[in-house]
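Structural description and commentary
So you can see what is in the structure, the chains are spelled out below.
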Amino acid sequence: MNITMIGVGYVGLVTGTCFAELGHYVTCVDINAHKIAALNMGDIPIYEPGLADLVQKGVSEGRLSFTTDIRDAVSDAEVIFIAVGTPSSRRGDGYADLSYVYAAAGDIAKYIEDYVVIVNKSTVPVGTARQVKRIIDQKCNISADFDVVSNPEFLREGAAIEDFMRPDRIVIGTESERALQIMRDVYEPLYLRDAPIVKTTLETAELTKYAANAFLATKISFINEMANICEAVGADVLSLARAVGMDGRIGPKFLHPGPGYGGSCFPKDTVALLATAQEYGVPLRIVSATVEANNAQKARMIKKIRDAVGGEIAGKTFGILGLTFKPNTDDVRESPALTIIPALLEKGANIRAHDPKGVEEARRLLPSEVLYVNNAYAVAENSHCIILMTEWTQYRALDMRRLRDAMHTNPVFVDLRNVYRKNKMQKNGFVYIGNGQY
Ligand code: NAD
Ligand code: UGA
């Protein structure tokens with residue numbers, strides 16, 4: 001099938017490339033000319049494991065192309081996906097900024113000719129699909145025949161290709177049997193691998209995406225608060241999470257305590273869901289508490305670090321391991337590092353930081369005083385305290401003697417992801433502070 005993907009970001013580039021891998025002909029279009037030029041030169045603008053090889057394959061086999069020309073991209077498409085950003089609005093009221101989605105809808109309206117299915121893949125509040133339909137109806141010159149579908153995306157950064165290729169489910173919200181059949185054809189190669197399709201209304205599909213993210217965020221805030229009470233009462237959150245997660249009704253995933261969830265989705269999607277709930281006068285107390293607990297968790301990490309170094313941050317050097325919001329991505333959006341590092345700098349700290357993939361973006365988002373170094377051992381040089389912020393694989397088996405010898409006397413290791421074990425770290429001469437361990 002001929003598919004057009006509007007928006008070549010973390011979702012559009014991955015899903016467009018994967019559709020090409022499945023055998024479809026995919027044109028990816030973006031308003032960012034630098035991005036498209038880079039892709040046409042063979043450079044991949046984001047870091048996502050396995051993506052570069054698939055892009056190269058799709059392009060060389062003639063099923064994947066990149067353009068800024070929306071007219072060209074839209075005119076002979078059978079299915080058009082909208083995968084543009086939906087960040088929090090600049091007004092600060094939590095609502096998703098839908099201007100990119102509506103601009104894409106306006107562009108589509110100008111150039112569609114024959115029947116086409118327009119699929120919203122961006123995460124959008126209830127009512128957006130109907131608004132997209134209205135925009136296209138109003139702006140279309142001819143009385144074009146089209147259907148609008150809501151098909152939210154559930155992939156995770158860092159595991160995006162695997163998530164796309166082996167989805168837990170594919171949600172298709174539509175009122176049209178014709179569009180449903182075309183969507184089934186689009187996903188048929190996955191369907192044959194037993195990926196279940198859940199057919200819903202437009203509204204249910206849109207809300208399902210927010211519900212899934214809010215539930216996962218709630219699980220994280222829950223275990224973070226359990227970690228905090230573990231510390232207070234002298235219990236161990238690692239054993240607790242293991243035992244609790246063994247209950248099949250609860251499950252072991254998303255029970256890892258950390259410095260608070262970050263990324264481009266949970267933070268914005270939880271507050272957007274609350275904005276919708278407020279608009280409709282429906283209290284969502286649990287989601288509200290999840291957001292509050294996450295903000296408190298980030299603040300709590302700053303206190304934890306201060307206590308770990310004896311209450312005085314000024315003049316001390318902190319070595320930061322990891323800046324991205326999770327491993328295996330270069331994405332720093334809403335990373336806990338963006339809250340914790342500026343707070344430490346404000347209190348007079350010196351910061352040495354490393355990240356395998358996130359430094360370029362971090363330079364744009366963090367104060368200029370941060371010193372970026374090339375590896376974990378350079379982070380340790382003359383540091384009083386190391387903070388393990390993101391659990392990248394390369395931080396999981398560090399040579400602790402080498403690290404310790406590079407640091408000040410009485411080295412402190414604050415492990416916000418519980419990668420290491422206290423006994424071993426103490427034997428290696430560290431003051432070790434885990435997250436939810438006693
Ligand atoms: P992103 O910011 O990485 O990419 C968005 C892209 O859209 C940018 O390249 C931008 O230039 C382009 N764009 C904006 N307006 C355009 C227009 N009118 N025409 C063409 N291109 C345009 O965003 P993302 O992380 O890929 O997220 C996209 C959507 O998918 C969001 O709604 C997000 O919530 C949702 N989502 C994201 C993830 C994720 O892991 N990042 C997972 C599931 C769902
Ligand atoms: C998340 C969801 O997992 C995807 O299903 C969804 O499609 C996506 O949001 C989205 O809507 O964009 P992502 O943000 O890429 O994916 O990453 P996650 O693995 O969910 O991690 C999110 C945050 O939670 C990270 O900061 C991570 O460190 C944190 N986390 C996750 C924990 O602190 N503990 C956990 O147990 C799991």
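These numbers were taken from a predicted model, which means no experiment stands behind them.

Here we take up the overall build of the protein chain. Check the secondary structure of the protein chain and you find 17 helices and 14 strands. Here the C-alpha radius of gyration of the protein chain, 23 Å, is about what a compact globule of 438 residues would show, namely 22 Å. Its C-alpha atoms put the protein chain at 75 × 50 × 40 Å along the principal axes. The buried share of the protein chain, taken over its 438 residues, is 54%. Across the protein chain, contacts joining residues at least 24 apart in sequence account for 74% of those joining residues at least 6 apart. As presented, the protein chain carries roughly 19,900 Å² of accessible surface, and 50% of it is formed by carbon and sulfur atoms. Averaged over its 48 positive side-chain charges, the protein chain has a centre that lies 8 Å from the centre of its 52 negative ones.

Quick look at the pairing of strand β12 (residues 385–388) now. Judged by which residues are buried, β12 turns out to be covered on both faces: Cys385 and Ile387 on one side and Ile386 and Leu388 on the other are all buried. In this structure, strand β9 (residues 317–321) lies alongside β12, joined through four bridges in parallel fashion. Counted as the bridge partner of Leu321 is Leu388 from β12. Two elements, β12 and strand β13 (residues 412–415), share four bridges in a ladder whose sense is parallel. Counted as the bridge partner of Ile386 is Phe413 from β13. In this fold, the crossover linking β12 to β13 by way of helix α16 (residues 400–406) has right-handed handedness.

A few words now on helix α6 (residues 128–139). The terminal C-alpha atoms of α6, which comprises twelve residues, lie 16 Å apart, in line with the 16 Å expected from a rise of 1.5 Å per residue. For α6, every residue scored as buried is listed here: Thr128, Ala129, Val132, Ile135 and Ile136. All buried residues of α6 fall inside an arc of 120° around its axis, so they share one side. Buried-residue contacts for α6 involve β4 (79–82), α5 (99–111), β5 (116–120), β6 (146–150) and α9 (202–233).

The local shell around ligand 2 holds 19 residues, among which Phe154, Leu155, Lys209, Asn213 and Cys265 are the closest. Glu157 is positioned such that a nitrogen or oxygen atom in its backbone is 2.8 Å from an oxygen atom of ligand 2. One of the backbone N or O atoms of Gly262 is found 2.9 Å from an oxygen atom in ligand 2. Protein contact buries 91% of the 700 Å² of open area that ligand 2 shows by itself.

What the six strands build is an open sheet, ordered β11-β10-β9-β12-β13-β14; its pairing is parallel. The sheet is open, and its two borders are formed by β11 (371–372) and β14 (431–433), each paired with just one other strand. Here β13 pairs with β14 via three bridges, running parallel. Bridging across to β14, Val412 finds its partner in Val431. Contacting β9, β12, β13 and β14, helix α12 (residues 285–308) crosses the sheet at an angle of about 160° to β13. Sheet strands touched by helix α13 (residues 337–346): β9, β10 (350–354) and β12. Its angle to β10, the strand with the most contacts, is close to 155°.

Near ligand 1 there are 27 residues, and of these Val11, Asp30, Lys35, Thr86 and Lys268 occur at the shortest range. At a separation of 2.6 Å, an oxygen atom of ligand 1 approaches a polar side-chain atom of Asp30. Thr123 places a main-chain nitrogen or oxygen 2.8 Å from an oxygen atom of ligand 1. For ligand 1, whose accessible area on its own is 830 Å², the fraction buried by protein is 90%. Contributions of two or more residues to the shell around ligand 1 are made by α1 (10–21) and α5. By residue class, the composition of the shell around ligand 1 is twelve nonpolar, eight polar and seven charged.

For the pair α9 and helix α11 (residues 266–280), interaxial distance at closest approach is 9 Å and the crossing angle is 115°. Note that α9 runs across α11; the crossing there is left-handed. Contacts between α9 and α11 involve Leu207, Tyr210, Asn213, Ala214, Leu216, Ala217 and Ile220 on the former and, on the latter, Phe266, Asp269, Thr270, Ala272 and Leu273. Taken together, the residues of the contact of α9 with α11 sort by class into nine nonpolar, two polar and one charged.

What the domain assignment lists for the protein chain is domain 1 (2–200) and domain 2 (201–438). Residue-level contacts link 35 residues of domain 1 with 28 residues of domain 2. Here domain 1 packs against domain 2, burying approximately 2,600 Å² in sum over the two surfaces, 57% of which is carbon and sulfur. In terms of surface lost to domain 2, no three residues of domain 1 exceed Tyr47, Val126 and Glu157, which account for 26% of the buried area on that side. One salt bridge in this structure joins Arg130 and Glu203, with 2.6 Å as the shortest N-O distance. Our count for the domain 1 to domain 2 interface comes out at 14 residue pairs in polar contact (both at pLDDT 80 or more). Elements with a contribution of two residues or more to the side of domain 1 that touches domain 2: α6, β6 and β7 (170–173). In the side of domain 1 that touches domain 2, the residues fall into 17 nonpolar, eleven polar and seven charged.

Calculation rules
Residue numbers restart at each chain and count upward from 1, following the sequence in its written direction. Chain labels run from A onward and ligand labels from 1 onward, assigned in the order the entries are written. Local features in this predicted model are restricted to residues of pLDDT 70 or higher, and side-chain atom pairs are both shown and tallied only at a pLDDT of 80 or more, whereas totals for entire chains, interfaces and linings draw on every residue. Remark: hydrogens and water are excluded; side-chain values derive from all non-hydrogen atoms of the structure. Secondary structure counts use DSSP, requiring at least four H or I residues in a row for a helix and at least two E residues in a row for a strand, with both numbered from the N terminus. Based on C-alpha atoms, the radius of gyration is set beside the globule rule, defined as 2.2 Å times the residue count to the power 0.38. Residue exposure (1.4 Å probe, protein chains only): buried if accessible area is under 20% of the type maximum, exposed if over 50%, otherwise partly exposed. Only heavy atoms enter the contact rule, under which two residues are in contact if any of them lie within 4.5 Å. Per-residue accessibility takes into account occlusion by the displayed protein chains alone, with areas from the Shrake-Rupley method and a 1.4 Å probe. By the counting rule applied here, Lys and Arg register as positive and Asp and Glu as negative, while His and the ends of each chain are not counted. A charge is said to be at NZ when it belongs to Lys, at CZ for Arg, at CG for Asp and at CD for Glu. Any two strands between which DSSP finds at least two bridges are classified as paired. With the strands pointing away from the viewer, any crossover whose connection runs clockwise from the first strand over the helix to the second is right-handed. Expected helix span is taken as 1.5 Å per residue step, with the number of steps being one fewer than the number of residues. Starting at the helix axis, one direction is taken to each C-beta atom, and the arc is that of these directions. Throughout this document, a residue counts as near a molecule or strand when at least one of its heavy atoms sits within 4 Å of that molecule or strand. Polar contact criterion, stated in full: a pair of N or O atoms within 3.5 Å, where within protein one must be able to donate a hydrogen and the other to accept it, and residues adjacent in sequence count only if both atoms are side-chain atoms. Geometry is summarised by axes, namely lines fitted to C-alpha atoms with helices restricted to the contacting stretch, and by angles between N-to-C directions that run from 0 to 180 degrees. Residue type decides the class: Asp, Glu, Lys and Arg count as charged, Ala, Val, Leu, Ile, Met, Phe, Trp, Tyr, Cys and Pro as nonpolar, and the leftover types, Gly among them, as polar. Note on convention: near helix rotated counterclockwise from far helix by under a right angle means a left-handed crossing. Clockwise means right-handed. Throughout, the edges of the domains are those of an automatic or database domain assignment. Two parts placed together each lose some accessible area under a 1.4 Å probe, and adding up what both lose gives the buried area. We define a salt bridge as a contact between a side-chain nitrogen of Lys or Arg and a carboxyl oxygen of Asp or Glu at a distance within 4 Å.

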